[in-house]
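Okay, here's what each chain looks like letter by letter:
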Amino acid sequence: MTKALREAPLQTESSETLDPKNWDDIRSLGHRMLDDMIDYAADIRDRPVWQPIPDEVRARFRAELPCKPCDLDDVYREFTDFIVPYATGNVHPGFMGWVHGGGTAVGMLAEMLAAGLNANLGGRDHIPIEVERQIVEWTRRMFGFPDRASGIFVTGTSMANLMAVLVARTTALGRSVRQRGLSDDGALLTAYTSKAAHGCITKAMDIAGFGSDALRCIEVDRYHRIDVEALRARIALDRSAGLKPFLVVGSAGTVDIGAIDDLSALSSLCREQGLWFHVDGAFGALGILSPALAPRLAGLENADSIALDFHKWGQVPYDAGFLIVRDGDRHRDTFSAPAAYLRRETRGLAAGSSWPCDLGPDLSRGFSALKTWFTLKTYGTEKLGAVITRTCALAGYLEARILAEPRLELMAPVQLNIVCFRYRANNANLVNGEIVIDIQESGIAAPSTTLLDGRLAIRAAIVNHRTDTGDLDVLLAAVLRFGAVRTRAA
Ligand SMILES: Cc1ncc(COP(=O)(O)O)c(C=O)c1O
């Protein structure tokens, strides 16, 4: 190896830099890109919500690794012609599938600025870290957490939930679990959530090494809220069997129908039983910004940790997941890991401990905080809260229209911003599954599906701040039209 290097001396010519020879060239193209993407958001209604990817377009992305340079204009043309038209579609107000935020032009611009700074938020002493700390502080106040709370941006709530499980594990077993592993004590730990909880909780238990069997999924009521008495009984049963309950995960907005568990009752139970109380608030936790919804989140302020996504109801562009932990020491105990090359100082660039890398698995981290900071500052929490309230009002509008239409059936009580319904038909699971695909392929709207007690529902989650009553009318008209076609065909 060293011999080979000596034989072929490394080049030091400055022509090897990746900067442009002429900055004005990239400047004018950059301005065009910016204009195009602002037009994209402004004119989004002129586009289909989503469209199927033609084989030849997909094939373009199975190309050879490029060894030679290509003109930036050409690369950009590929983006406009073959990437933009085939994106997910969640910027469009007709997108109501899964739980996707719509993003904003402000967030987009902030993302560009963050990329320009190219800051690494793993640690060190620089203002981008202070921006993230500012969001931690704002989030702490939002949820009424104490001064000692800590928080960190992560990709999404799936990651935040996993990290919360790990913090709860370290709290239950002590820091030594990080050296010894779960061992015999760990094998006795059991966690609890509801049958309506998101699948990422099960996945978190699996990844954390407990195994998904160690997660008890408790019955729910007809509103999909956890049955707190059944939970209490299961905890008692497990204790009597010699197991060690350590964690309860409540839901602030279940993924299927937007149910909010009785968070006050759960927090009291956890306090009484000495259990870690984590809340999956992926989208629902930001309901705290809506004066109409905040009372329904009572008890959230008592959580030991909350997972949430600014990229859902907060409208920050992807990704901007977040974990906040009531006791920052527990959080740091779980993830901090000293290393000589990450030595902390009291001055210089290596000052400012603790660093975000002490609060999670990532060392290299982007600047998600910036687009969240821009969003919160530009719109303010009152406006964001009003958008959240409005999406729930729109869900109420959709519910009323469904109840007034005999060909449609409401499948679950509408509690937040999610509406589950279906077209009445023989073989309704098959027919409604086809209707949803037909609508997606038509580009008119993009609902998704879920199964409620084995019955397939068309699911409309209204998250996008651009969605209006007209978009819901269009969705319903499409359901009725495709429903008629599908039932005729059956
Ligand atoms: C209730 C709930 N929990 C967790 C998640 C997963 O969040 P993410 O997709 O940000 O990982 C979702 C996603 O929609 C959700 O609705």
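In case you missed it, the structure is sitting above this.
Residues numbered from 1 in each chain as written. Predicted model: local features only at pLDDT ≥ 70, side-chain atom pairs only at ≥ 80, totals over all residues. Heavy atoms only, no water.

Student: Honestly, the pairing of strand 10 (residues 448-452) in this entry has me stumped. Any pointers?
Tutor: The side chains of a regular strand alternate between the sheet's two faces. Only one face of strand 10 is covered, namely the face carrying S448, T450 and L452; the face carrying T449 and L451 is uncovered. Across 5 bridges, strand 10 lies against strand 11 (residues 455-461) in antiparallel orientation. Bridged to T449 within strand 11 is I458. In this structure, the hairpin formed by strand 10 and strand 11 is closed by a connection of 2 residues, where D453 is found at a positive phi of approximately 50°. (Buried < 20%, exposed > 50% of the residue type's maximum accessible area, 1.4 Å probe, protein only. Helix = DSSP H or I, 4+ residues; strand = E, 2+ residues; numbered from the N terminus. Pairing = 2+ DSSP bridges.)

Student: Help me understand helix 10 (residues 199-207), please; the structure alone is not making it clear to me.
Tutor: Restricting attention to buried positions, one finds in helix 10 the residues C200, I201, A204 and M205. Summarising the axial view, the buried residues of helix 10 lie within an arc of 145°, below the 170-degree limit, and thus occupy one face. Away from its buried face, by an angle of more than 90 degrees, helix 10 presents the exposed residues K203 and I207. Contacts from the buried residues of helix 10 go to helix 7 (157-173), strand 2 (189-194), strand 3 (215-218), strand 4 (244-251) and strand 5 (276-280). Taken from the residues just after helix 10, G209 is the one with a positive phi, measuring 95°. (Arc of directions from axis to C-beta. Contact = heavy atoms within 4.5 Å.)

Student: Honestly, the site of the ligand in this entry has me stumped. Any pointers?
Tutor: Around the ligand sit 14 residues in total, of which T157, S158, D280, D309 and K312 are the nearest. D309 places a polar side-chain atom, nitrogen or oxygen, 2.6 Å from an oxygen atom of the ligand. In isolation the ligand has 390 Å² of accessible area, and contact with the protein removes 84% of it. (Near = heavy atom within 4 Å. Polar contact = N/O pair within 3.5 Å; in protein donor to acceptor, adjacent residues only side chain to side chain. Areas by Shrake-Rupley, 256 points an atom, 1.4 Å probe, with all protein chains shown as cover.)

Student: Even after reading the chapter, I still don't get the pattern of salt bridges, so can you show me in this structure?
Tutor: Between side chains of opposite charge, a pair can form as their charged atoms come close. Within the structure shown, the criterion is met by 31 salt bridges. In this structure, the salt-bridge partner of K195 is E219, at a minimum N-O distance of 2.5 Å. With a gap of 24 residues between them, K195 in the loop between strand 2 and helix 10 and E219 in the loop between strand 3 and helix 11 (228-240) connect regions that are remote in the sequence. For E219, a relative accessible area of 42% corresponds to the partly exposed category. Across the pair E434 and R486 runs a salt bridge, and its minimum N-O distance is 3.7 Å. Here E434, found in helix 15 (residues 428-442), pairs with R486, found in helix 16 (residues 469-489); they are 52 residues apart in sequence, far enough to count as distant. Residues participating in the shared-partner salt-bridge network are E137, R140, R141 and D147. (Salt bridge = Lys/Arg side-chain N within 4 Å of Asp/Glu carboxyl O.)

Student: Even after reading the chapter, I still don't get a negative patch on the surface, so can you show me in this structure?
Tutor: On the surface, a cluster of negative charge is made up of D35, D39, D43 and D46. Relative to the helices and strands, D46 resides in the loop between helix 2 (23-42) and helix 3 (55-60). (Patch = residues over 30% accessible without salt bridge, like charges linked within 9 Å, V, L, I, M, F, W, Y side chains within 5 Å. Lys, Arg positive; Asp, Glu negative; His and termini not counted. Charge placed at Lys NZ, Arg CZ, Asp CG, Glu CD.)

Student: Would you mind going over the pairing of strand 4 with me for this structure?
Tutor: Burial within strand 4 is extensive, with 7 of its 8 residues counted as buried. As defined by bridge partners, strand 2 adjoins strand 4 across 4 bridges and the pair is classed as parallel. Looking at the pairing, Y192 lines up with V248 of strand 4. In this structure, strand 4 lies alongside strand 5, joined through 5 bridges in parallel fashion. In the strand pairing of strand 5, L247 is matched with W276. Handedness of the crossover is the feature at issue here: the chain leaves strand 4, passes through helix 12 (residues 263-273), returns alongside strand 5, and the resulting connection is right-handed. (Right-handed = clockwise from strand over helix to strand, strands pointing away.)

Student: I keep staring at the side chain of E409 and nothing clicks. Help me out?
Tutor: Looking at where E409 falls in the secondary structure, it is placed in strand 8 (residues 408-410). Residue classification places E409 among the buried positions, given a relative accessible area of 17%. Within polar-contact distance, the side chain of E409 engages the side chain of R455 at 2.7 Å. For E409, the residues in contact, after removing those within four places along its chain, are I402, C420, F421, R422, R424 and R455.

Student: Sorry, what's going on with the environment of D256 here?
Tutor: Relative to the elements of secondary structure, D256 occurs in the loop between strand 4 and helix 12. It is 19 Å that separates the C-alpha atoms of D256 and G314, two residues lying 58 residues apart in sequence. Residues in contact with D256, not counting those within four places in the same chain, are I418, C420, T450, L451, L452 and R459. Looking at D256, its side chain comes within polar contact range of the side chain of T450, at 2.5 Å.

Student: Just checking my understanding: could you explain a nonpolar patch on the surface for this structure?
Tutor: Together, W23, I26, L72 and V75 line one region of the surface with nonpolar side chains, adding up to about 350 Å² of accessible area. If you list the elements that add at least two residues to the nonpolar patch, you get helix 2 and helix 4 (72-83). Counting through the fold element by element, I26 comes out in helix 2.

Student: How should I be thinking about the sheet that holds strand 9 (residues 418-423) in this particular structure?
Tutor: Sheets are built from strands that pair by backbone hydrogen bonding, the pairs being arranged parallel or antiparallel. Strand order in the open sheet made by the 4 strands is 8-9-11-10, with antiparallel pairing throughout. Two strands bound the open sheet, and with one partner strand each, they are strand 8 and strand 10. Sheet twist, expressed as the mean angle between neighbouring strand axes with direction ignored, is 40°. Where strand 9 meets strand 11, 4 bridges bridge the pair, whose relative direction is antiparallel. The residue of strand 11 that forms the bridge with V419 is A460. (Axes fitted to C-alpha atoms, helices over the stretch in contact; angles between N-to-C directions.)

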